[in-house]
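# Understanding the architecture of this molecule
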Amino acid sequence: MATATHLCGIKTPYCFLKSNRSLCSRSRLDFDSLAKLCGAIRVPAPSRGRGLKFVCDARKNDVLVQAEPKIQGVEASTNQLSCVMKFGGSSVASADRMKEVAELILSFPEENPVIVLSAMGKTTNKLILAGEKAASCVSDASEIDELSFVKELHYRTVDELGLDRSLITGRPPDHLEKLDRLLNGINALKELTPRSRDYLVSFGECMSTRIFAAYLNKIGVKARQYDAFDIGFITTDDFTNADILDATYPAVANRLHGDWISDPAIPIVTGFLGKGWRTCAVTTLGRGGSDLTATTIGNGLGLREIQVWKDVDGVLTCDPNIYPGAEPVPYLTFDEAAELAYFGAQVLHPQSMRPAREGDIPVRVKNSYNRKAPGTLITKSRDMSKAILTSIVLKRNVTMLDIVSTRMRGQFGFLAKVFSTFEDLGISVDVVATSEVSISLTLDPSKLWSRELIQQELDNVVEELDKIATVNLLQHRSIVSLIGNVQRSSL
Ligand SMILES: Nc1ncnc2c1ncn2[C@@H]1O[C@H](COP(=O)(O)OP(=O)(O)O)[C@@H](O)[C@H]1O
Ligand SMILES: N[C@@H](CC(=O)OP(=O)(O)O)C(=O)O
């Protein structure tokens with residue numbers, strides 16, 4: 001991957017340079033050498049005065065030309081998409097909350113935001129429970145309490161917003177009817193696979209975005225709903241915990257930007273969802289994955305800022321459910337936020353900082369219930385001179401392995417052998433503490449528990465490691481992490 005030159009002033013929205021030599025000649029771009037390298041070049045239309053970044057990937061036979069992520073001050077054209085605003089389930093839990101979110105969005109008239117929404121309130125949890133019940137005990141899946149709850153919540157919201165129920169039922173895509181049929185199918189098979197679970201929970205985001213877009217249109221704000229899996233969110237096929245593939249960035253930018261240019265309307269995008277690149281089935285990005293949807297869109301479109309609206313005053317010094325006196329942390333670096341999320345702070349999705357860091361796009365964590373609170377600003381760097389400890393996080397349900405070498409002291413290669421075992425078995429290691437003859441390590445629960453055959457995988461690890469060490473497997477442990485300034489942690 002190589003990043004090359006900068007250009008300004010290309011007006012054409014997404015076009016293929018292959019068929020546009022004049023564009024190249026106007027733009028100091030050596031068309032022929034690039035054309036040799038790649039089959040096609042996509043060019044997102046830059047905002048006025050914005051540069052373009054060339055990202056060449058010869059292996060993929062592709063050169064992607066991206067708008068520079070940062071728009072400075074007045075250069076941020078008023079008619080370009082400018083930021084992402086992501087609202088989590090807690091922010092859109094009811095009709096009243098949706099009205100407040102609409103008002104919040106409209107209170108930033110200078111912004112042209114892309115809106116990312118999660119499912120309403122606890123819809124995702126309810127759908128998972130409904131799926132589990134359908135697979136296990138009930139005789140008629142339509143009678144499951146959690147399904148009734150989801151239906152009732154969405155009907156009530158549609159009614160209270162003065163919208164037509166046909167948005168979610170009675171007319172294609174008729175989500176509630178499909179949901180009913182899906183749960184009855186799961187019930188008949190007595191099996192809830194990761195794939196069907198992802199399809200099941202996707203109804204939450206599909207409905208919340210349709211309702212919200214319809215409400216905006218009703219109050220005279222032109223909005224357009226998008227299902228992420230239809231606009232280029234391409235992922236691995238790791239159902240329940242899929243990773244976003246690079247092809248997503250240009251595809252999503254292309255679609256959202258192209259539609260915006262030809263017919264401006266606020267895009268309302270489903271968070272959390274994608275499409276598996278082999279199966280073409282609906283995938284999900286892991287719990288809390290709408291944060292990752294938001295940062296992916298921010299990076300793809302090279303937007304000015306990514307706002308993540310929650311029900312707390314930003315990232316706090318610890319989980320407020322454990323210690324109610326937790327206080328907001330005003331500034332964080334991408335690295336600190338990523339560590340914090342990875343080691344258990346539920347407030348951000350563990351992978352969500354990656355696209356923001358790669359695009360160097362600031363992320364602001366704000367409270368939709370308390371707009372005046374300054375929130376947390378997450379950027380590439382910050383003044384660390386006074387920073388020692390930023391926050392404390394707890395990660396539960398961790399599997400730990402104590403591995404003690406059976407060989408004599410002074411034997412080399414022990415650590416290498418242990419880690420190659422994990423690599424061979426495709427298991428991700430979390431925290432590691434070592435001495436010369438022993439290692440204690442933890443395994444990443446999110447990657448581990450989302451897959452089937454977990455006990456078998458663990459048995460395989462222990463069996464392999466048993467050849468070189470004494471292994472003690474400890475389950476249901478916790479990690480308490482202190483997120484701090486590494487440069488000041490030792491003297
Ligand atoms: N360090 C932390 N800072 C802020 N919130 C935290 C932290 N640790 C846990 N939380 C919990 O995360 C919740 C916000 O995340 P989440 O439920 O994913 O929000 P949303 O659904 O709005 O996206 C808060 O309500 C809080 O209970
Ligand atoms: N609805 C999904 C995705 C998500 O991001 O939700 P939230 O923004 O409410 O954490 C979930 O509950 O995991």
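This section reports on the structure supplied with the text. Positions within a chain are numbered from 1, following the residues in the order the chain's sequence is written. For this description, chains carry letters from A and ligands carry numbers from 1, given in the order in which they are written. The predicted nature of this model means local features are confined to residues of pLDDT at least 70 and side-chain atom pairs, given and counted, to a pLDDT of 80 or more, with totals for whole chains, interfaces and linings taken over all residues. No hydrogens and no water enter the side-chain calculation; it runs on all heavy atoms of the structure.

Like charges within 9 Å and nonpolar side chains (Val, Leu, Ile, Met, Phe, Trp, Tyr) within 5 Å are joined into patches, using only residues over 30% in relative accessible area that form no salt bridge. Residue exposure ignores everything except the shown protein chains as possible cover, and the areas themselves are Shrake-Rupley values with a 1.4 Å probe. Between Lys or Arg on one side and Asp or Glu on the other, a salt bridge is scored when a side-chain nitrogen of the former is within 4 Å of a carboxyl oxygen of the latter. A cluster of nonpolar side chains, Ile388, Leu389, Ile392, Val480 and Leu482, forms an exposed patch at the surface whose accessible area comes to about 490 Å². Among the elements of the structure, strand E16 (389–405) and strand E19 (469–484) are those that each provide at least two residues to the nonpolar patch. Counting from the N terminus, the helices are DSSP H or I runs at least four residues long and the strands are E runs at least two residues long. Along the polypeptide, leucine 482 turns up in strand E19.

Note on definitions. A residue lies near a molecule or strand when any single heavy atom of the residue is within 4 Å of it. Contacts to ligand 2 come from Lys86, Gly88, Gly89, Ser118, Ala119, Thr124, Glu205, Phe272, Arg287, Gly288, Gly289 and Ser290. At 2.9 Å from an oxygen atom of ligand 2 is found a main-chain nitrogen or oxygen belonging to glycine 89. Glycine 288 has a polar backbone atom sitting 2.9 Å from an oxygen atom of ligand 2. Protein chains bury 84% of the 330 Å² of accessible surface belonging to ligand 2 in isolation. Note that Gly is not counted as nonpolar here; it falls among the polar residues with everything else outside the nonpolar set of Ala, Val, Leu, Ile, Met, Phe, Trp, Tyr, Cys and Pro and the charged set of Asp, Glu, Lys and Arg. Tallied by class, residues from the shell around ligand 2 come to two nonpolar, seven polar and three charged. Distance and chemistry together define a polar contact, namely a pair of N or O atoms within 3.5 Å, with one atom able to donate a hydrogen and the other to accept it when in protein, and with adjacent residues in sequence counting only for side-chain atoms on both sides.

Here we take up the sheet that holds strand E12 (residues 305–310). Here a strand pair is declared whenever DSSP counts at least two bridges between the two strands. Within the open sheet, the eight strands sit side by side as E7-E9-E6-E5-E12-E14-E15-E13. Their pairing is mixed. Looking at the sheet topology across the chains shown, the edges are occupied by strand E7 (223–226) and strand E13 (331–333). The sheet shows a mean angle of 20° between the axes of neighbouring strands, direction not considered. Across five bridges, the pairing between strand E5 (residues 83–87) and strand E6 (residues 113–117) is parallel. Counted as the bridge partner of methionine 85 is isoleucine 115 from E6. Here helix H7 (residues 194–218) sits on the sheet in contact with E6, E7 and strand E9 (266–270), set at roughly 165° to E9. Contacts are assigned to residue pairs that have any heavy atoms within 4.5 Å of one another. Angles here are taken between N-to-C directions and fall from 0 to 180 degrees, while the axes themselves are lines fitted to C-alpha atoms, restricted in helices to the stretch in contact. Seen against the sheet, helix H10 (residues 334–342) touches E13, strand E14 (363–367) and strand E15 (376–379) and runs at an angle of roughly 85° to E13.

This part takes up the pairing of E16. If a strand is regular, its side chains alternate between the two faces of the sheet. Alignment of E16 against E19, held across 13 bridges, turns out to be antiparallel. Pairing of isoleucine 392 across the sheet is with leucine 482, part of E19.

Inspection of the secondary structure puts glutamate 305 in strand E12. Looking at glutamate 305, its side chain comes within polar contact range of the side chain of glutamine 307, at 3.0 Å. Setting aside residues no more than four positions away along its own chain, glutamate 305 makes contact with Ser82, Cys83, Val84, Ile361, Pro362 and Arg364.

Moving on: helix H3 (residues 95–106). Multiplying 1.5 Å by the residue count of a helix minus one yields the expected span of that helix. A rise of 1.5 Å per residue sets the reference length of H3, with its twelve residues, at 16 Å; its end C-alpha atoms lie 17 Å apart and thus fit the reference within 8%. Buried within H3 we find Ala95, Arg97, Met98, Val101, Ala102, Leu104 and Ile105. On the buried face of H3, the contacting elements are E5, E6, helix H5 (145–160), H7 and E12. Here the term buried applies to any residue with accessible area under 20% of the maximum for its type, exposed to any over 50%, and partly exposed to those in between, with areas from a 1.4 Å probe on protein chains only.

Attention now moves to the environment of leucine 473. By the secondary structure assignment, leucine 473 is in strand E19. In this structure leucine 473 comes out as partly exposed when scored by relative accessible area, which is 28%. Sequence separation between leucine 473 and asparagine 321 is 152 residues; the distance between their C-alpha atoms is 30 Å. With residues near it in sequence (within four places) discarded, leucine 473 still touches Thr399, Met400, Leu401 and Leu458.

So, on to the site of ligand 1. Near ligand 1 you find 16 residues, and of these Lys86, Ser90, Asp311, Leu316 and Asn321 are the closest. Within the contact set of ligand 1, an oxygen atom lies 3.1 Å away from a side-chain nitrogen or oxygen of lysine 310. Looking at side-chain class alone, the shell around ligand 1 contains six nonpolar, six polar and four charged residues.

A word on the nonpolar core. Side chains that are nonpolar tend, in soluble globular proteins, to be buried together. By size, the foremost hydrophobic cluster in this structure holds 52 residues, and its most contacted members are Phe87, Ile115, Leu179, Leu183, Phe212 and Ile268. If near-sequence neighbours (up to four positions away) are discounted, phenylalanine 212 is found in contact with Met98, Val101, Ala102, Ile105, Ile115, Leu117 and Ile268. One finds Ile244, Val347, Met353 and Ala356 within the second-largest nonpolar core, a separate group that totals 42 residues. The nonpolar core is taken to be a set of buried Ala, Val, Leu, Ile, Met, Phe, Trp, Tyr and Cys residues, with the residues joined through side-chain atoms within 4.5 Å.

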